[in-house]
Amino acid sequence: MKIMLKEEFLSFVDGLIESMDVEGVKAKGKKFVFDRLGSSEELRLDYDTTILPPKKYFLPQYETIMKFDLSKQFSVKKEEDHEKRVIIGVHPYDIVAIKQMDKYFLDTHPDDLYFQKRKNTLIIGSNILNVSEKAFFGDMETGYVDSGYDLMITDLGDRVAIEIGTEAGRDLLRGYSLREASTGEIEEVKRIINDASEKAKRGLRVKPQKWHDLLEKSYNSEIWKKQAEKCLSCGTCTLVCPTCFCYDVTDEIDLTLKEGKRIRTWDGCLLRNFTEVASGEIFREKTEDRYRHRFNRKGRYLPTLLGFVACVGCGRCSSQCIPDIADPVNLMNMLAEEVSHLEEKSVSPHTETIIQSTEVEKPLYVPMPATIKNVKKLTKTEKLFEIELDNGRSLGHMPGQFVEISIPGYGEAPISVSSSPDGKRFQLIVRKMGDLTSKLHTMKEGDKVGIRGPFGNGFDLEALRGKNLIFIAGGLGLAPMRSLISYVLKNRMDFGEVTILYGCKEPCEVLLKEEIEEWEKREDIQFLKSVDRCPENEKWSGEIGVITSLIPKVKFDPKNTTAIIVGPPVMYKFVIDDLKNLGMPEENIIVSLERRMKCGVGKCGHCQINGIYVCKDGPVFNYKDIKDLPEAFT
């Protein structure tokens, strides 16, 4: 530990301000904020907590992902951020939160935007002198850190104690007068740390390591409904939280209509439209479900996924919540009153930083240019697009995977690949529903689009090989299923008996009519089709009724057949129940789920079902693995 005179420290801060962007804690009325420092006189080390956490420097509220030129067919440019920055005064609990962000954004599919900002930022932490009324970092064991900073300072009045965390931090101090701390000064720093942690204990009855078990046992507690009745669904608690990382992505066009940019903005799971998909379904409609999801994500889902409790005890959420229902201490204590026995899971309130000096080279959010090679109209609302990447490479997808298709100025959307994995070209069946798909439906051969992916887990071809298969597709569900059907039919000798059941609302909505006619003629498969209703003026050679009415009409051995089910959410329960009633084992049922897969890589949070991300862990799942997840089939 080093000691620097206060006057020397202020000169040190002023020296940094002259050479780079220096952000620090400043007073804003009676509150405190992180903001750019104009001089060392503005820096406040005696603050209790800031309105917003320093996460805003690594995941900005408004961040440009790329810029595009609308005067050209497809012209995008990745946004670069090479600005060097120092943040002064970061409290230990916020450093813990940054370390958690490191693991979240740099585990799989490393986020290059986050990495660039993190790599170019030096953190000067500050031990806590004053404790806010709502803080409980003492209960969360986050009032002290021994890593995650370049320098850690403690204000001792006329002196500043400094711990050096990295060589970059040591380099900042070159040329300034330092001495070794005395035993008394070291003890004084320890006392300041301990005093702050003791003051930040608010009677949390359940250790953070036990939150996982508590939340699991309390999933159906009436407390969620009772608390949620007061919730305004404003999302403020998620915005001020240092461990809420969810975001949305949209396109903005300049007033000239010639240029634009794709931006990333903060989002929150308390907002009603957070899980809304293009067809209008909202998969977490009730406030109660959204309220419960927020706490389970922090104390149960992320601990399971990444090994840390995503709460650092800063108290920002409870200090900003008007109906006073966001406080984790109160919520956990209420739940604890209902549960007698809790196990201690092998999770930690925090985690070690994983930021490395190596580069993250691959842009995660910038699409590859591709050309539409063919367009075929299937119905009034569906078209088939054949696409080829401009780099000449094949997409490299597996049946069941999806891509994010991008049109600058209109955004991007997840679309399942509809063709089998052979050749350079791939096909997408797209329903005209929103702005992007409406624009896509106006495009023709030779037009350019952007492609990211393929993403997700597809169908396990090796596991299916040699098996009897029954495909059950409802409506647009035939699009993602077609990739697997095409593969199976091209490799027919590698599979057992094959049955295809397809249903939609009316004959005019039938997809792929020519292919279906070929399937009907084949003698090596069973094929049946149905519509819910058939208007008098339309011809129909199939059955009339919901798709489950087809199941009794085909011959298959339920115990020795694997079912692949894709369709609208309402269809799954009835189809699965019928198959189980026939004796089909749960492990023989495979489903592909739809959610709002905004980023495609498990970062934005929109597609989360309890503890899994549909875009990364799915969209193809074995029913047995997800049947007990309450949000999977809602």
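Visitor: Give a description of the nonpolar core that names residues and reports values.
Guide: Membership of the largest hydrophobic core comes to 114 residues, with the highest contact counts inside it found for Phe471, Ile472, Ile565 and Leu579. Look past the residues within four positions of leucine 579 in its chain and what remains in contact with it is Ile472, Ile551, Phe556, Ala563, Ile565, Met584 and Ile589. Of all hydrophobic cores here, the second largest spans 31 residues; its members include Ala228, Leu270, Val329 and Val339.

Visitor: A description of helix α3 (residues 112–119) should follow, citing residues and the corresponding values.
Guide: Burial analysis of α3 places 7 of its 8 residues in the buried class, the great majority of the element. Of the positions making up α3, those classed as buried are Asp112, Leu113, Tyr114, Phe115, Gln116, Lys117 and Arg118. Contacts made by the buried residues of α3 are with β4 (62–69), β5 (76–78), α2 (92–106), β7 (121–126) and β12 (259–266). If you check the start of α3, you find a side-chain oxygen 3.0 Å away from the backbone N of leucine 113, and it comes from aspartate 111.

Visitor: Can you break down the pattern of salt bridges residue by residue, with the values?
Guide: Within the structure shown, the criterion is met by 53 salt bridges. The closest approach of N and O atoms between lysine 26 and aspartate 35, which form a salt bridge, is 3.9 Å. The buried category is assigned to lysine 26, whose relative accessible area is 16%. Since its relative accessible area comes to 36%, aspartate 35 is described here as partly exposed. Salt bridges sharing partners connect three or more residues here, namely Asp21, Glu23, Arg36, Glu83 and Arg85.

Visitor: Which residues make up empty space enclosed by the protein, and what values go with them?
Guide: If you walk through the whole model with that rule in mind, you get 9 cavities of 30 Å³ or more. Considering only enclosed or pocket space, the largest cavity measures out at about 120 Å³ in volume. In terms of lining, the largest cavity is formed by 15 residues, of which the most central are Cys231, Cys234, Cys237, Cys321 and Ala326. Among the secondary structure elements, those contributing two or more residues to the lining of the largest cavity are α9 (236–240) and α10 (287–306). Grouping the amino acids of the lining of the largest cavity by side-chain chemistry returns 10 nonpolar, 4 polar and 1 charged. The calculated volume of the second largest cavity comes to roughly 90 Å³. Residue composition of the lining of the second largest cavity, by class: 9 nonpolar, 3 polar and 3 charged.

Visitor: How would you summarise the domain arrangement of the protein chain if you had to cite specific residues and measurements?
Guide: Interface size, as often reported, equals the accessible area lost upon joining of the parts. One can read the domain layout of the protein chain as domain 1 (2–61 + 76–199), domain 2 (208–357), domain 3 (368–455) and domain 4 (461–592). One C-alpha centre belongs to domain 2, the other to domain 3; they are set 33 Å apart. Contacts between domain 2 and domain 3 engage 5 residues on the former and 8 residues on the latter. The tally of links from domain 2 across to domain 3 stands at 1 salt bridge. Inspection of the domain 2/domain 3 interface yields 6 residue pairs in polar contact (both at pLDDT 80 or more). Partitioned by chemical class, the residues of the side of domain 2 that touches domain 3 number 2 nonpolar, 1 polar and 2 charged.

Visitor: Lay out the sheet that holds β4 with the relevant residues and their values.
Guide: Pairing between the strands of a sheet comes from backbone hydrogen bonds, and it takes one of two forms, parallel or antiparallel. Pairing is antiparallel in the open sheet, where 4 strands are placed in the order β5-β4-β12-β11. Whereas interior strands pair on both sides, the edge strands pair on one side only; in this sheet they are β5 and β11 (247–253). In this sheet, adjacent strand axes meet at a mean angle of 25° when their direction is disregarded. Relative to β12, β4 runs antiparallel, the two sharing 7 bridges. The residue of β12 that forms the bridge with phenylalanine 68 is glycine 260. Sheet strands touched by α3: β4, β5 and β12. Its angle to β4, the strand with the most contacts, is close to 120°.

Quick notes on the rules
- Residues numbered from 1 in each chain as written.
- Predicted model: local features only at pLDDT ≥ 70, side-chain atom pairs only at ≥ 80, totals over all residues.
- Heavy atoms only, no water.
- Core = buried A, V, L, I, M, F, W, Y, C linked by side-chain atoms within 4.5 Å.
- Buried < 20%, exposed > 50% of the residue type's maximum accessible area, 1.4 Å probe, protein only.
- Contact = heavy atoms within 4.5 Å.
- Helix = DSSP H or I, 4+ residues; strand = E, 2+ residues; numbered from the N terminus.
- Polar contact = N/O pair within 3.5 Å; in protein donor to acceptor, adjacent residues only side chain to side chain.
- Salt bridge = Lys/Arg side-chain N within 4 Å of Asp/Glu carboxyl O.
- 1 Å grid on protein atoms, 1.4 Å probe; cavity = no way out; pocket = protein on both sides within 12 Å on 5 of 7 lines; lining within 4 Å.
- Points joined across faces, edges and corners; volume = space filled by probe spheres on them.
- Nonpolar A, V, L, I, M, F, W, Y, C, P; charged D, E, K, R; others polar.
- Domains from an automatic or database assignment.
- Pairing = 2+ DSSP bridges.
- Axes fitted to C-alpha atoms, helices over the stretch in contact; angles between N-to-C directions.

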